[in-house]
Amino acid sequence: MPERQLDRAAVVAATQEAAALAFASWREGAAADTNVWNKGKNDPVSDIDMAVDAFLTTRLRAILPEAAWLSEETVDDPSRLDARLLWLVDPIDGTRDYVRGRSGWCVSVALVADGLPVFAVMAAPAQGKVWVAAHNEGVTCNGEQLAGSTRLDFAGSRVPADDLPKLDADLVTVTKPNSIAMRMTMVACDRADLVATLRWGNEWDIAAAHLVAQEAGGIVTDALGRPISYNKREPLDFGLICCAPGIHQAAVARLSGRAAQLHASGSRVTDRWGCC
């Protein structure tokens, strides 16, 4: 934890206020009341993403000024690499769901210390949920302590996905929110057993959800089964496995051949098991 006591209540309040800011322009089943454009292929961003980012930049930096900053919508400052503490933020994870009036989006805030998330808040106002996690202290959703999936058999594992390839016909699909962080909370809430991708992903997408899932008893690694650390020079990781500990080895084995091939090739576009 930080050298001085973190005002956790202030972080929770700031995240909820940011979520309320976004929620005010969200329209269930309809286009959000905001300007939307594409940063890249199939990578939308909106005025609300930017407004939430600006709000959190001001609020979180005031709460813990010594922490550096990295978020999806802010130009990266390399000086963060020299900082022990880092705010790692996704203003709206799941922007596609947000702008289309679907509920699978959230505001995601993590405090990282020495490369590991130590405090996290995720707010999904369209679903009326707030997750709060602290390292080695557990995680709550709307104040209720969570215990995640404890599945031991890989076959039959619940996966948030629209569909599955034939190789994975032994798995079971469940509803998939656009937000990868929200899918990870499904493992923490025991509504899914496995989230896995073979897609290069950004640190801000998963940092808060990593701690949420971990504190609920889950395991989070990259697609090759390796630990994930944060505040890297290039803030990317090759794929993701978030699952019940009892099926992690089987998940790595299922992914391993294709994952190694893609990792060696440097591909950043191939997905698996419900990735956006």
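It should be emphasised that the depicted structure is a prediction, and the values quoted were computed from it without experimental measurement.

Q: Help me understand the nonpolar core, please; the structure alone is not making it clear to me.
A: Across soluble globular proteins, you tend to see nonpolar side chains buried next to one another. Among the nonpolar cores identified, the biggest contains 38 residues, and L88, M122, W131 and L240 are the most heavily contacted of them. Ranked by the residues each element gives to this core, the list is headed by helix α5 (residues 203–215), at 8 residues.

Q: Would you mind showing me how to read the layout of surface pockets here?
A: Quantified by volume, the second largest pocket comes out at close to 270 Å³. Along the walls of the second largest pocket sit 17 residues, with D97, G104, K176, P177 and N178 positioned nearest its centre. Looking at the lining of the second largest pocket residue by residue, the classes come out as 4 nonpolar, 6 polar and 7 charged.

Q: Is there a simple way to explain the packing of helix α4 (residues 180–188) against α5 in this structure?
A: When two helices pack together, you describe them by how their axes are tilted relative to each other and by the distance separating the axes. Viewed as axis vectors pointing N to C, α4 and α5 meet at an angle of 5°, and their least axial separation amounts to 9 Å. Relative to α5, the element α4 lies roughly parallel. Within the contact between the two elements, α4 uses I180, A181, M184, T185 and A188 and α5 uses D205, I206, A209, H210, V212 and A213. For the contact of α4 with α5, a count of residues per class yields 8 nonpolar, 2 polar and 1 charged.

Q: What should I look at first to understand the environment of R100 in this one?
A: Tracing the backbone shows R100 in the loop between α3 (95–99) and β5 (106–113). Distance in space between the C-alpha atoms of R100 and R191 is 24 Å, their sequence separation being 91 residues.

Q: Teacher, can you tell me more about the pattern of salt bridges here?
A: Opposite charge on two side chains permits them to pair, given that their charged atoms come into close proximity. On inspection of all chains with the given rule, the structure shows 16 salt bridges. Note that D190 and R158 form a salt bridge whose closest N and O atoms lie 2.7 Å from each other. Taken together, the positions of D190 in the loop between α4 and β12 (194–202) and R158 in strand β10 (residues 158–160) put the pair 32 residues apart, joining distant regions of the chain. D237 is the salt-bridge partner of K232, the closest N and O atoms lying 3.1 Å from each other. Residue classification places K232 among the partly exposed residues on the basis of a relative accessible area of 22%.

Q: How should I be thinking about the sheet that holds strand β13 (residues 219–221) in this particular structure?
A: Across a sheet, strands are paired by hydrogen bonds formed along the backbone, either parallel or antiparallel in direction. If you trace the 3 strands from one edge of the open sheet to the other, you get β12-β14-β13, paired in antiparallel fashion. Only two strands of the sheet have a single neighbouring strand rather than two, namely β12 and β13. With strand direction ignored, the average angle separating the axes of adjacent strands in the sheet is 15°. With 7 bridges connecting them, β12 and strand β14 (residues 236–243) associate as antiparallel partners. Residue pairing for β14: G201 is matched across the bridge by D237. In the packing of α5 onto the sheet, the strands contacted are β12, β13 and β14, and the crossing angle to β12 comes to about 150°.

Q: Is there a simple way to explain helix α1 (residues 8–23) in this structure?
A: Owing to its 3.6 residues per turn, the α-helix aligns residues three or four sequence positions apart on the same side. Under the 1.5 Å per step criterion, the end-to-end length of α1 is 22 Å for 16 residues, consistent within 8% with the ideal 22 Å. When we look at burial in α1, the residues that qualify are A10, V11, V12, A14, T15, A18, A19 and A22. The elements touched by buried residues of α1 are α2 (47–63), β4 (85–93), α3, β5, β6 (116–124) and β7 (129–134).

What counts, and at which threshold
- Residues numbered from 1 in each chain as written.
- Predicted model: local features only at pLDDT ≥ 70, side-chain atom pairs only at ≥ 80, totals over all residues.
- Heavy atoms only, no water.
- Core = buried A, V, L, I, M, F, W, Y, C linked by side-chain atoms within 4.5 Å.
- Buried < 20%, exposed > 50% of the residue type's maximum accessible area, 1.4 Å probe, protein only.
- Helix = DSSP H or I, 4+ residues; strand = E, 2+ residues; numbered from the N terminus.
- 1 Å grid on protein atoms, 1.4 Å probe; cavity = no way out; pocket = protein on both sides within 12 Å on 5 of 7 lines; lining within 4 Å.
- Points joined across faces, edges and corners; volume = space filled by probe spheres on them.
- Nonpolar A, V, L, I, M, F, W, Y, C, P; charged D, E, K, R; others polar.
- Axes fitted to C-alpha atoms, helices over the stretch in contact; angles between N-to-C directions.
- Parallel < 35°, antiparallel > 145°, perpendicular 65-115°, else oblique.
- Contact = heavy atoms within 4.5 Å.
- Salt bridge = Lys/Arg side-chain N within 4 Å of Asp/Glu carboxyl O.
- Pairing = 2+ DSSP bridges.
- Expected span 1.5 Å × (residues − 1).

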